Amino acid sequence: MDVKGRNFARFLDRQQVYDNQHDAGAAGKQHAKGKLTAWERLDILFDEDTFEEIDAYVTADRTDTGFGKVKQAFGDGVNIGHGLIRGRLVFAYAQDFTVMGGSLGSVHAAKIMKIQDMALKMGAPMIGLIDSGGARIQEGVASLAGYAGIFYRNVQSSGVIPQISVILGPAAGGAVYSPAITDFVFMTNQTSYMFVTGPNVVKEVLNEDVTFNDLGGAGIHSKKSGVAHMVHEDEENTLLGVRQILSYLPSNNMENPPEMELSEDETKDMEEKLRDIVPDDANKPYDVKEVINLLVDKRSFYEISENYAQNLVIGFARLNGKVIGIVANQPKVLAGTLDINSSTKGARFIRFCDAFNVSLLILEDVPGFLPGIDQEHDGIIRHGAKMLYAFADSTVPRITVILRKSYGGAYCVMNSKNLGGDFNFAWPTAEIAVMGPEGAVAIIYRKELEASEDPVAMKKELVARYRTEIANPYIADERGFIDEVIDPAFTRQKLIRAFEALENKFMNNPARKHGNIPL
Amino acid sequence: MAREVKKKKSTKLIALSSANKAYEFNKPLEKSIKYQGKKVDIKLREDPNGFSYIVWKNKKYMLDVIEKNQNRYTIMINGVWHSFTVETPISLKRRRFLEQQGESSSVVSIEAPMPGKIIDLLVEEGAEVKQGEPIIILEAMKMQNEISSHVTGVVQSISVKKNDSVMKDDVLLYIRKG
Amino acid sequence: MKINSILIANRGEIAIRIIRTAKKMGIRSYAIKTSKEPNAWYLEEADEIIDFSECFDDTPEFLDIERIIYNAKEHKVDAIHPGYGFLAENPDFARRCEEEDIVFIGPSHDAIYRMGNKTIAKELAKKNKVPLLGGSKGTVADPEEAKQIADQVGYPVILKAAAGGGGRGMRVVEKEKDIERMFNLATNEAEKAFNNPAVFIEKFVREPRHIEFQILGDKHGNVVHLGERECSIQRKHQKLLEESPSPALDPALRKKMGDAAIRIAKSVNYFSAGTVEFLLDDQNYFSFMEMNTRIQVEHPVTEMVTGIDLIEQMILIAEGKKLPFSQDDIKLNGWAIEWRINAEDVQSGFSPSLGTIEKISWPESDHIRVDTGVRDGSVITPYYDSMIAKLIIHAETREKALQQSSIAIRKFWIKGTKTTLAFCRAVLQNRNFRKGKFNTSFLSKELKIHYHHEPDEELLAAFFAAYDYAREVHEHEDKPLYVEKGKEIAPWLLNKRLR
C-alpha cells in the first residue's frame, strides 16, 4: 500500500498485527475473568487521548528456550509509556495478561526498567498496573534478573518520585516485592491477589487448604497484612482512585504538592461543634474522623489504610487548599492505644510525607501503648521506635494538637515538642501526664491506700484530685512544652496560620549517608 | 506540560438496589430523569434550616444520606431508606459476572460490624446455624452486641477466640452455605 | 404544704414536660446532669442543674435513690417528681422521700407496693368486683399446679412473672403438652430478669384490645377517671401510638370500665395520677390487667381531650389540695392521637438506630403538640430509650385527627437517624386502622409491611446516589489543580531542600 507514493506496507502491516493482538477475542478472555484489558485500563487511568505507548513492537528475544516455547507477540506482555493525569506527566506500565499470562521475561522486564529509568530522569510519578502470572519459567534466570533490576530501580526512585502499584490480577512470588517497595498499593476486590507462595505450595508444604482470596485477596491485605493501602470494588474505581491520590502528591521531591481552590461551601473558620466532640467522660470513645472532617477543607480528607490498624488514622487532606498529612489516634478503636501495626502504619506514612514535602498534622488522644504479652514479645519496642524515629527525622513542618489523653511514652512519640514539633497545641480537654489517674494514684499512694479504712472512696478522691491538679494542659503550657492551649472552635484558623508561618521551614540535619531506622 | 485536561468518560451510571433492581441514568449531573418516555427535571434543594429535599413533579421529598462509602450508598427518602451500589456499565458487567461465579462458591465470611472485643462464641466449628441466629457476642463501646449469621449453613472455621480484639470488617468466621 | 421547688429524677422529654408546668406554677425546677448526655436539652430548661457526672459506682444515675435524696436535701428541694420509668414505681424510693420529709409527687409507697405486686392487685380487684381473667390465685409453685389451673380456665393460658413487666418472663401456652416446658422457661427468664422466679398463670385472651383509664385521686378520698386511652397498636408489648377516646367504647361501656377503674384505685386509697389497664375482647368483655402508679408516656392524649394538665394536678394533689372537679365536670372533647417517633430502623425489625439528630423540625399549629427532649445536634445514646418525640394531634373527630396526622407526619422532618416515621405512614394507610377496627395483633397480622413508601421514592433515592457519585467524581476530576503553585518555592528553601 502506498502513501503519497511511498511504500508504507510494512509499517501498516505491523500495525495491523498489533491491532489484531488487541481484538475482541483477547479482550473477551480478560472480561470473562471480570477484568479489563491492559489498554482499557490505561484508557481509564490517563486523561483522554494523552497516553503515548513506546516499545509497542518489541518481542521476546528467543522463542525456543529449550524448555518450552515462548509466544512471539508484540510488546511481550507489557505496555509502557507516558501520558497526562489531570494535565501532569506520569509514566506507567501495564502488564497484559492476554500474552503468556503477563509473565515476566527478560524483554518484558527490560521494558519496565526502561520506563522506570525515564520516570526517574524526568521527575514524574511512576505507576505500575500489575496483572501477571509471575516469572516466565521458560526464560529461567533471565526473568529473575529482570525482577531484580525492577526492584533496584524501585529503590533508587524511592523518595524521589511517587511510585504507585495497582494490583489488578495475580501478583505472585518475586513480583510482590516491587509493589511492597512502592509508596502506595491499590487492589481491586475479588480479582486481585498477592502472595509470596501460592495456595498450592501451602497445601504441599503445610497440608492446609486455603483459597486465593483468603491467602492474599484484597480483603486480607487491606485489613490483616496492611500491604494494600486502598481497595476498591471494581477496576474503574480503583484507577479513578489512583488519579485522586495523585492530586495530593507532588511530581517529585523537589516540588510541593499541587494546591486547590476552596469550594464555595467551605468549612467555616470557626466551628463550635468541635467544642462538643470530646466527651466529658475521659473513658468514652468518639470518632476522631469527625474532628478531622471539621478541621480540613470540606470532603478533602483522603484516608489511607482505612481498614488496617484502625486505632491510628492516617491520610492526606487539604487545609486552606494546601496538602497536609494527618496522623491521628482513634479513640474509637482500642481506646486509641499505639500497637505494633499502628506504629509501622504511622511511621511509613510520616516517611512518605517527609520525603515529598507534605506538612504533618498530628491529632493526639493516646492513653499509651497497648499492653500485652503478644505485643511485647512481637517487638513493640522496636516497632514503636519506628514512629518515634520517623517523626524526629522528618524536616517538614509538623504541628500537634492534643485533643485529650497524652500519657507517658506515647506522649513523647506523638510528635512532642522535644521531638521537634514546630507547634504543639492543646485543647482545654487535654490530659498530659506520665500516666493515667488510676495508675498514678495506685503507685504514689500505695501505702496510704493500704492503710485506709475505705480505700475505694479514698482512691476516688485522689483520682479526682489528680485529674484537676495534674492531668490537664496548663502545667505543660506554663512550662513551655505546649505552645498554646486553644479553643477547639478556632483550631482550623490556628492551624492555617501556623502552617503558613512554617512554609519555608528549613532544617540542617547532620550530613550522613542515611540514618539507621530501627527496621 | 500544562496541556488542557480532557477526560471524557461514559457518564452513564447505574444505581443497583439491594433487591438487585437497576436504575439507569444517562447523565445524572444534568438532573433530569427519563420517566415514562419523557424527560422530567429533578430539583435538589436545601431549606434555610439545613434540610435537603428533592422536588419531583411538584412534590417535595425529604432527603438524607445515611451512609456513603466509595460507591455504596444508603439514601433515606421521606423516612424510608434504600441501599444502592453505583455502577458504571463496565463495573456492572463485572459485578454480574462475579455474582454468577460467586454462586458456585458456597463459603461466606461473617465480619465484625464494628471494632471491639469478642466476649463469647456461641457456636463451634461444625455447628449448624440458621439465618439470623446469633453466633458471636462482641463488646463495643461498652455494649454487648450479638452478631448473627446472615446465611444458613455449617460453621466451617472460626478465626477468632474469646477475648480477642477485632477491627471493623475483620473476618470472625466462615460458614458453608447449605 | 405549698411546693416551691421540684427535683426531677428523670431526663428527656418528660423532664422538659414537668419543667414546663413547674414554670407555669412558679415552681423552681432542678434537673440531674449525667455524664451520658451532658449537653441534653432538658438541662437548659431547668432552673438549676445538679451534677451527677462523676460516677462512683455502676448504679445508673436515675436509679441511685440515696444520691438523689441526698442532693434533694442538700439543695433544700421541697418535692421530687420521678416522671416515668426509673424510680417512678419503686415503693422504696417513695418511702425514703417520706422519711426524709421530701414530697414525692405520686401515690403513697403503700399504693405503689400493692399495685406493683400482681398477686395482691388481683385480690383487690376480685374483692372490688372488677372482672378478672381466670387463673391462679397467687404464684404457681410447680408445673403440676400450673397444669391443674390451666385445665380449669382452659387453654390458651399465659404465664407471667410476678415481678415482671415489659414482656419479659411471659409465655403463652397453647396446649397441655407444652405447659411443663413453658413453665420452666418462664421461671428461668423471670429469675434472670427480675431475680425472682415466681410466676402466675391466667387465661390468655387472643387478640384483645388494650384499653387503659386515666385516674386522678386526691388525698381526701376523691377519685375520678379522665376517660380511656386506646393502646392496642403495639410491638412486643411496646406501645407505638395511643389515642383517646377509643373507637371501641360507647358511653355505657366507658362508664362501666371507668367505675371499675375507680373502684380499683379506691381500694388502695389512691391519690395522684395513675392508670388502670384492661384487656377488652371482641365481645366487649373487659378484664383488669394491672395498674400503673405513675404518669404515663401517653398522658398527653388525655390532656388534649380533657383540657386538664395532669402534671399540674399531680403537684396540686401532692400539696394536699382537693380535686377541683367532679366526675360530672369531665367531658371528652374531640379526638387525640399520639404518634411515638422513635430512633428505630423499622426496615430492620425496629432495631435501635443510634446517632446524632442533625436537624429536627415539625409543623406548628393549634391542633399539634410535640413533646420532645431532643433538638438539633442531640445524640441518641445507647443508655436510654430510643424515643425522639411524641407527636400529638387533636381534632374534632377521629377522621379529622387522622387526616391532620397524615399532613403533620409528612412535615415532620428528622435528619441524621432512622426513625419510625415511615411506620406511622404505613399505619395511616391501613384501611382497618382508619375504620377503627384493630387490636393488639395489628402489627403481626394486619400490617403486612411496617413502613410505607410511595412508588417513585426508590427511583429518587437511586437518582440521588448516582448524582452524588457523579458529582464526587466530577469534583475530584474537574476542580482545578494548581500544579504550578507547587513549583513556586522560595529560594531560601529551594537550594536547601536536599539534605
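Being a predicted model, the structure only gives us computed values, none of them experimental.

Criteria and cut-off values
- Residues numbered from 1 in each chain as written.
- Chains lettered and ligands numbered in written order.
- Predicted model: local features only at pLDDT ≥ 70, side-chain atom pairs only at ≥ 80, totals over all residues.
- Heavy atoms only, no water.
- Helix = DSSP H or I, 4+ residues; strand = E, 2+ residues; numbered from the N terminus.
- Buried < 20%, exposed > 50% of the residue type's maximum accessible area, 1.4 Å probe, protein only.
- Contact = heavy atoms within 4.5 Å.
- Areas by Shrake-Rupley, 256 points an atom, 1.4 Å probe, with all protein chains shown as cover.
- Lys, Arg positive; Asp, Glu negative; His and termini not counted.
- Charge placed at Lys NZ, Arg CZ, Asp CG, Glu CD.
- Pairing = 2+ DSSP bridges.
- Axes fitted to C-alpha atoms, helices over the stretch in contact; angles between N-to-C directions.
- Buried area = accessible area lost by both parts, 1.4 Å probe.
- Salt bridge = Lys/Arg side-chain N within 4 Å of Asp/Glu carboxyl O.
- Polar contact = N/O pair within 3.5 Å; in protein donor to acceptor, adjacent residues only side chain to side chain.
- Domains from an automatic or database assignment.
- Patch = residues over 30% accessible without salt bridge, like charges linked within 9 Å, V, L, I, M, F, W, Y side chains within 5 Å.
- Nonpolar A, V, L, I, M, F, W, Y, C, P; charged D, E, K, R; others polar.

The secondary structure content of chain C amounts to 17 helices and 25 strands. Viewed in the frame of its principal axes, chain C has a C-alpha envelope of about 100 × 55 × 50 Å. The burial tally for chain C puts 58% of its 499 residues in the buried class. Sequence separation of at least 24 residues holds for 66% of the intrachain contacts in chain C that already meet a minimum separation of 6. Looking at chain C as shown, the accessible area adds up to about 21200 Å², and 48% of this sits on carbon and sulfur atoms. In chain C, 71 side chains carry a positive charge and 77 a negative one; their mean positions are 2 Å apart.

Residues and elements named next belong to chain B. Spatially, eight strands are ordered β2-β1-β8-β7-β6-β5-β4-β3 in an open sheet, and the strand pairing comes out antiparallel. Of all strands in the sheet, those with a lone pairing partner are β2 (22-25) and β3 (32-35), marking the two edges. Across the sheet, the axes of successive neighbouring strands diverge by a mean angle of 35°, strand direction being ignored. In this sheet, β2 lies alongside strand β1 (residues 13-17) in antiparallel orientation, the contact comprising four bridges. Bridge assignment links Leu16 to a residue of β2, and that residue is Ala22.

On the chain B side, the residues contacting the 43 residues of chain C number 48 residues. Of all residues in chain C, the largest losses of buried area upon contact with chain B belong to C:Trp413, C:Leu460 and C:Phe463, amounting jointly to 17% of the total for that side. Our count for the chain C to chain B interface comes out at four salt bridges. Between C:Asp456 and B:Lys57 there is a salt bridge, with the nearest N and O atoms lying 3.7 Å from each other. Joining chain C to chain B, the criterion identifies 15 residue pairs in polar contact (both at pLDDT 80 or more). Where the side of chain C that touches chain B is concerned, the elements lending two or more residues are β20 (359-361), β24 (413-415), α13 (421-429) and α16 (455-478) of chain C. Per-element tally for the side of chain C that touches chain B: the top contributor is α16(C), with 19 residues.

The next subject is the domain arrangement of chain C. Split by domain assignment, chain C resolves into domain 1 (5-105), domain 2 (134-203) and domain 3 (209-446). Spacing between the C-alpha centres of domain 1 of chain C and domain 2 of chain C amounts to 36 Å.

On the surface, A:Glu272, A:Asp276, A:Asp280, C:Asp51 and C:Glu54 cluster together into a patch of negative charge. On the secondary structure map, C:Glu54 appears in the loop between β3 (48-51) and α3 (65-74). Owing to a relative accessible area of 44%, C:Glu54 belongs among the partly exposed residues under this scheme.

All names here are of chain B. Counting buried residues in β1 gives five out of five residues, a clear majority hidden from the surface. Of the two faces of β1, the one lined by Leu13, Ala15 and Ser17 and the one lined by Ile14 and Leu16 are each fully buried. Linking β1 to β2, which pair antiparallel, is a turn of four residues; within it Asn20 sits at a positive phi near 70°. As paired strands, β1 and strand β8 (residues 80-87) are joined by four bridges and run antiparallel to one another. When the bridges of β8 are listed, Leu16 appears paired with Thr85.

Taken residue by residue, the interface counts 41 residues in chain A and 28 residues in chain B. For the pair chain A and chain B, the summed buried surface comes to about 2900 Å²; carbon and sulfur atoms form 52% of the total. Area buried by chain A at its contact with chain B is led by A:Glu48, A:Lys223 and A:Glu236, which between them contribute 19% of it. Run the count over chain A and chain B and you get one salt bridge. Where A:Glu233 meets B:Arg72, a salt bridge forms, and the shortest distance between an N and an O atom there is 3.3 Å. Along the contact surface separating chain A from chain B lie eight residue pairs in polar contact (both at pLDDT 80 or more). Elements that contribute at least two residues to the side of chain A that touches chain B include exactly α3 (38-45), β5 (88-95), β11 (230-232) and α10 (235-246) of chain A. With five residues, α10(A) is the single largest residue contributor to the side of chain A that touches chain B. Residues that form the side of chain A that touches chain B fall into these classes: 13 nonpolar, 14 polar and 14 charged.

If you walk through the whole model with that rule in mind, you get 82 salt bridges over all chains. For A:Asp47, the salt bridge goes to A:Arg243, with nearest N and O atoms at 3.0 Å. Residue A:Asp47 is located in the loop between α3 and β3 (52-54), and its partner A:Arg243 is located in helix α10; the two are separated by 196 residues in the primary sequence. The same class applies to A:Asp47 as to A:Arg243, namely buried. Ionic pairing is found between A:Glu139 and A:Arg136, a salt bridge with its closest N-O pair at 2.8 Å. Judged by relative accessible area, which is 10%, A:Glu139 ranks as buried. Each of C:Arg17, C:Arg20, C:Lys24, C:Glu303, C:Asp309, C:Glu312, C:Arg369 and C:Asp371 takes part in salt bridges that share partners, so that together they form one network.

Before going further, it helps to spend a moment on the side chain of C:Ser136. Considering the arrangement of structural elements, one finds C:Ser136 in the loop between α6 (118-127) and α7 (143-153). In contact with C:Ser136, not counting residues within four places along its chain, are C:Ile149, C:Phe200 and C:Ile201.

Residues and elements named next belong to chain A. According to the domain assignment, chain A contains domain 1 (35-246), domain 2 (274-434 + 472-501) and domain 3 (437-470). Inter-centroid distance (C-alpha atoms) of domain 2 to domain 3 is 30 Å. Each partner contributes residues to the interface: domain 2 has eight residues there, and domain 3 has six residues. Carbon and sulfur atoms make up 40% of the area that domain 2 and domain 3 hide from each other, which totals about 460 Å². Area buried by domain 2 at its contact with domain 3 is led by Ala433, Asn472 and Ile475, which between them contribute 58% of it. There are one salt bridge connecting domain 2 and domain 3. Across the salt bridge formed by Arg467 and Glu431, the nearest N and O atoms sit 3.5 Å from each other. Between the two partners, domain 2 and domain 3, sit three residue pairs in polar contact (both at pLDDT 80 or more). Ranked by the residues each element gives to the side of domain 2 that touches domain 3, the list is headed by strand β19 (residues 431-433), at three residues. Residues belonging to the side of domain 2 that touches domain 3 are distributed by class as follows: six nonpolar, one polar and one charged.

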